[in-house]
2 protein chains.
Amino acid sequence: MPILVMKFGGTSVATLDRIRRAAKRVGREVANGYDVIIIVSAMSGKTNELVGWVEETSPLFDAREYDAVVSSGENVTAGLMALTLQEMDVPARSWQGWQVPVQTTSAHASARIEAIPTDNIMAKFAEGMQVAVVAGFQGISPEGRITTLGRGGSDTTAVAFAAAFGAERCDIYTDVDGVYTTDPRITDKARKLDRIAFEEMLELASLGAKVLQTRSVELAMRYNVRLRVVSSFEEMSDDAGTLVCAEEEIVESNVVAGVAHSRDEAKLTLTDVADKPGIAASIFGPLAEAGVNVDMIVQNISEGGMTDMTFSCPINEVKRAEKALDDARAAGQIDYADLVADTDVAKVSIVGIGMRSHAGVAAKMFQTLRDEGINIKVITTSEIKVSVLIDRKYMELAVQALHDAFGLDKAA
Amino acid sequence: MPILVMKFGGTSVATLDRIRRAAKRVGREVANGYDVIIIVSAMSGKTNELVGWVEETSPLFDAREYDAVVSSGENVTAGLMALTLQEMDVPARSWQGWQVPVQTTSAHASARIEAIPTDNIMAKFAEGMQVAVVAGFQGISPEGRITTLGRGGSDTTAVAFAAAFGAERCDIYTDVDGVYTTDPRITDKARKLDRIAFEEMLELASLGAKVLQTRSVELAMRYNVRLRVVSSFEEMSDDAGTLVCAEEEIVESNVVAGVAHSRDEAKLTLTDVADKPGIAASIFGPLAEAGVNVDMIVQNISEGGMTDMTFSCPINEVKRAEKALDDARAAGQIDYADLVADTDVAKVSIVGIGMRSHAGVAAKMFQTLRDEGINIKVITTSEIKVSVLIDRKYMELAVQALHDAFGLDKAA
């Protein structure tokens, strides 16, 4: 029988009642003829409670014990989900990570899945078991200790199971009903996408559309696992949600798939930097060491051997960036006149695989912003994305104008 | 190095602060030169919460899933205890049942321990690990599923580890400071015993002195594991609590070690039963099938081929007993005139291994009760115990009088 992976996040299994609602969706897919592998998260709030206890007990905790404690939340949900399905006369059993076993690296608290042997679960499917309920986010190290994959790891577990079992699809049940052309809180013209390409989803995920873990999308792309993002809180239907899939599966699409934004950006400018080979390395080396996530980088035209260097980073990393650069200057590693921080900026991006074959997309974006009187401070582009840094007060206006200009309220 | 097993119950690990206090006691024993195996229960209240969820989800639950869910409470405590010890610079790690592995039968929710291989933990002790923190109450079945031992199973886990590792002693930390000559709420002359024999403890445990699980005492007696019952809420000292040990270790003792009582008894009498062979079987067979725990049984002298049959059982099983006997009479299996239930009775017992070699103990008991004007309704005796059923209103008086008469307020 074809296999379907269904993943339910913390809010989708927060109470016994919600677990029952999730189980009904599973029952429906079993009736559709699937053998189903469910990946469950901990009931929402539980993981935070356990992490809180660990951190209070031992601020610099042994990650092996952290994993042993924190993984228990998913085990509880897995057992309760199996019981709920049994009550509905659906043959089901729970699997903890070590029982499958989900083999991971020994990097406790942020382990990577190395292999998922399918024989134990496939043997149960062959015996007539219709549902395997697997505790997400966890595995077992080569040393036989329990590992966890880090936050959001249940999405990764789901995609890895779908890849290992050759599942027809991996459905991610969450508290949003799909991927939108833009944030519906900014414009009510935002439209849910039926399909989106892996590459587009990756750009949107890293731009802050917090629907899916970036790592799980990367994995889905690598193994070509069709991912469906769907709400646990809507009526059941076969075409609900958004399918994240390979480009080839998307027959028609807009040139631009979506408009993303990020509010938590800051712009830093170093003035009067000597424009000589190695200068970028000497600036961004210390920033990387200090753990500053530099995003956009722009270097002005050089005048008299001196230049300005501008970059953006998350707003809560500005202090750390300033200290790293001050220290590097004090140590004689770099030289600059001034460090100017602008924390009133936002990033707006357009994303779409159609850009590869369509010229003039960036030009249309800049023209649209000019028509609204919005000044662009920094620009970066990739093959399928154009991002601009603008004053934060214009962010909503920019998103709305771009959404209109690229006709995103209408399907292709 | 000698090995010590220390078991901490739910109230002793109810909060992070209490876990720290328990860890200090462990640190003290490590400083004394022991390798320590700690058995932990779930933080108090956690197991009930998990059981509640399982029962609400599935009233006739699959016990395999029940075990998978309910065992998670002990895993959390084990990890937190290991972290707490590490913070105190005591090398420790947690072990879940399947990691040891604690091999049990497949009787989920009431499994029995079959074997505890010592090599994994001994290898860690050899490497310098000083404390193994083991999640109590759980194990793994031959099929690789998680099992639990039933309520109070952590005491049994502790004794089984002490037997398997040849531990010098098994300390049970709980919320009482030892075993008393009688219930201190009934008389303030009640005295904590320094030592008590396994056999005496077994009689007292089954009589309702809820200090230790009966099963764990049986196991301790079989493998001659010295058990110390000690409070988690008292100052640390080497002679705290009560040592439960073999008779040979008790040099001097009173003839009677303690006076036990049980309030929740009922007396049932069947009148005019035909006194013929097989009649006892035909009465107590149906009761056993109905799950009625019959305790004391008395058969009156036969008059004209007819007799009365009296027995006691827990008060909350009276209805079930009445129905079982009615049904048996309706089915023509037994015949009796009347069934009289007396639910205003209590059981009072004196227990002591000294009775074996001292005559007149029972006679002294009956005389003491007569002197107080207390009528005895039923009597049963064993080698080291005499029990009587009396009116419940005299229970406290009987306990106090017997405690005085046998001089239990003074050590031997």
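Calculation criteria
- For every chain, the first residue of the written sequence is number 1, and numbering continues from 1 along that sequence.
- Whichever chain is written first is A, and whichever ligand is written first is 1; the rest continue in order.
- Residue-level local features of this predicted model are given only where pLDDT is at least 70; pairs of side-chain atoms are given and counted only at 80 or more, and the full residue set underlies all totals for whole chains, interfaces and linings.
- Each helix corresponds to a stretch of at least 4 residues labelled H or I by DSSP, and each strand to a stretch of at least 2 residues labelled E; elements are numbered beginning at the N terminus.
- C-alpha atoms define the radius of gyration in this analysis, and the globule rule sets the expected value at 2.2 Å times the number of residues to the power 0.38.
- Here the C-beta atoms are placed from the backbone, and a residue counts as buried if at least 20 other C-beta atoms lie within 10 Å of its own, exposed if 12 or fewer do, and partly exposed otherwise.
- Note that contacts rest on C-beta atoms placed from the backbone: two residues are in contact if these are within 7 Å.
- The pairing criterion for strands is at least two bridges between them, as found by DSSP.
- Segment limits for the domains were obtained from an automatic or database-derived domain assignment.
- Each residue is assigned to one class: nonpolar for Ala, Val, Leu, Ile, Met, Phe, Trp, Tyr, Cys and Pro, charged for Asp, Glu, Lys and Arg, and polar for all the others, Gly among them.
- Each axis is a line fitted through C-alpha atoms, taken for helices only over the stretch in contact, and angles between the N-to-C directions span 0 to 180 degrees.
- We define a nonpolar core as a collection of buried residues of the types Ala, Val, Leu, Ile, Met, Phe, Trp, Tyr and Cys that are connected via C-beta atoms lying within 7 Å of each other.
- On a scale of 0 to 100, pLDDT captures the predictor's confidence in every residue.

A. Up close: the overall build of chain A. What chain A contains, in helices and strands, is twelve helices and 18 strands. Taking 22 Å as the expected radius of gyration for a compact globule of 412 residues, we find that chain A reaches 24 Å, a close match to that expectation. If you line up chain A on its principal axes, its C-alpha atoms span 80 × 50 × 30 Å. Counting all 412 residues of chain A, 49% fall into the buried class. Relative to all contacts within chain A whose residues are 6 or more apart in sequence, the contacts with residues 24 or more apart total 75%.

B. Seen up close, the pairing of strand β18 (residues 385-391) of chain A. All names here are of chain A. With six of seven residues buried, β18 lies mostly within the body of the structure. Alignment of strand β16 (residues 338-351) against β18, held across seven bridges, turns out to be antiparallel. Note that in β18 the partner of Val351 across the bridge is Lys385. Of the pairings in the sheet, the one linking strand β17 (residues 378-382) to β18 comprises five bridges and is antiparallel in character. Each residue of the ladder has a partner; that of Val378, found in β18, is Leu389. Hairpin connection of β17 to β18: two residues between the antiparallel strands.

C. Region of the structure containing the domain arrangement of chain A. With domains assigned, chain A is organised as domain 1 (3-175) and domain 2 (259-405). Computed over C-alpha atoms only, the centres of domain 1 of chain A and domain 2 of chain A are separated by 39 Å.

D. Quick peek at the interface of chain B and chain A. In this assembly, 25 residues from chain B lie in contact with 26 residues from chain A. Counting residues per element, the ones that place at least two in the side of chain B that touches chain A are α2 (46-57), α3 (63-70) and α4 (72-87) of chain B. When residues of the side of chain B that touches chain A are assigned to their parent elements, the largest contribution, ten residues, is made by α4(B). Considered class by class, the residues forming the side of chain B that touches chain A number eleven nonpolar, ten polar and four charged.

E. The sheet that holds strand β15 (residues 306-314) of chain A, seen in detail. All names here are of chain A. The strand order β14-β15-β13-β16-β18-β17 describes an open sheet built from six strands, whose pairing is antiparallel. The open sheet has two edge strands with one neighbour each: β14 (297-299) and β17. With strand direction ignored, the average angle separating the axes of adjacent strands in the sheet is 25°. Pairing analysis gives three bridges linking β14 to β15, with the strands arranged antiparallel. Paired with Ile297 across the two strands is Phe311, which belongs to β15. Contacting β13 (258-274), β15 and β16, helix α10 (residues 318-330) runs over the sheet at an angle of about 130° to β16. Of the strands in this sheet, β16, β17 and β18 touch helix α11 (residues 361-371), which is tilted by about 20° from β18.

F. Representation of the sheet that holds strand β12 (residues 242-245) of chain A within the structure. Residue and element names in this part refer to chain A. Spatial ordering of the open sheet is given by β3-β6-β2-β1-β9-β11-β12-β10, a layout of eight strands whose pairing is mixed. Every other strand in the sheet has two partners, leaving β3 (92-95) and β10 (195-197) as the edge strands with one partner each. Geometrically, the sheet is characterised by an average inter-axis angle of 20° between neighbouring strands, direction not taken into account. Across three bridges, β10 lies against β12 in parallel orientation. Across the sheet, residue Ile196 finds its bridge partner in β12, namely Val244.

G. Examining the nonpolar core more closely. With 252 residues, the main nonpolar core has A:Ile38 and B:Ile38 as its most contacted residues. Excluding residues within four positions of it along the chain, B:Ile38 makes contact with B:Met6, B:Phe8, B:Val26, B:Met81, B:Val131, B:Val133 and B:Val134.

H. A look at the confidence of the model for chain A. A residue-level look at chain A finds 99% of positions with pLDDT of 70 or above and a mean pLDDT of 92. Both scores are available for the predicted complex, with the pTM at 0.83 and the ipTM at 0.81.

I. Inspection of the environment of A:Thr57 at higher detail. Relative to the helices and strands, A:Thr57 is located in helix α2 (residues 46-57). When the C-alpha atoms of A:Thr57 and A:Asp409 are compared, they prove to be 51 Å apart, with 352 residues separating the residues in sequence. Setting aside anything within four residues of it in sequence, one finds A:Thr57 in contact with B:Leu16, B:Leu80, B:Leu83, B:Thr84 and B:Glu87.

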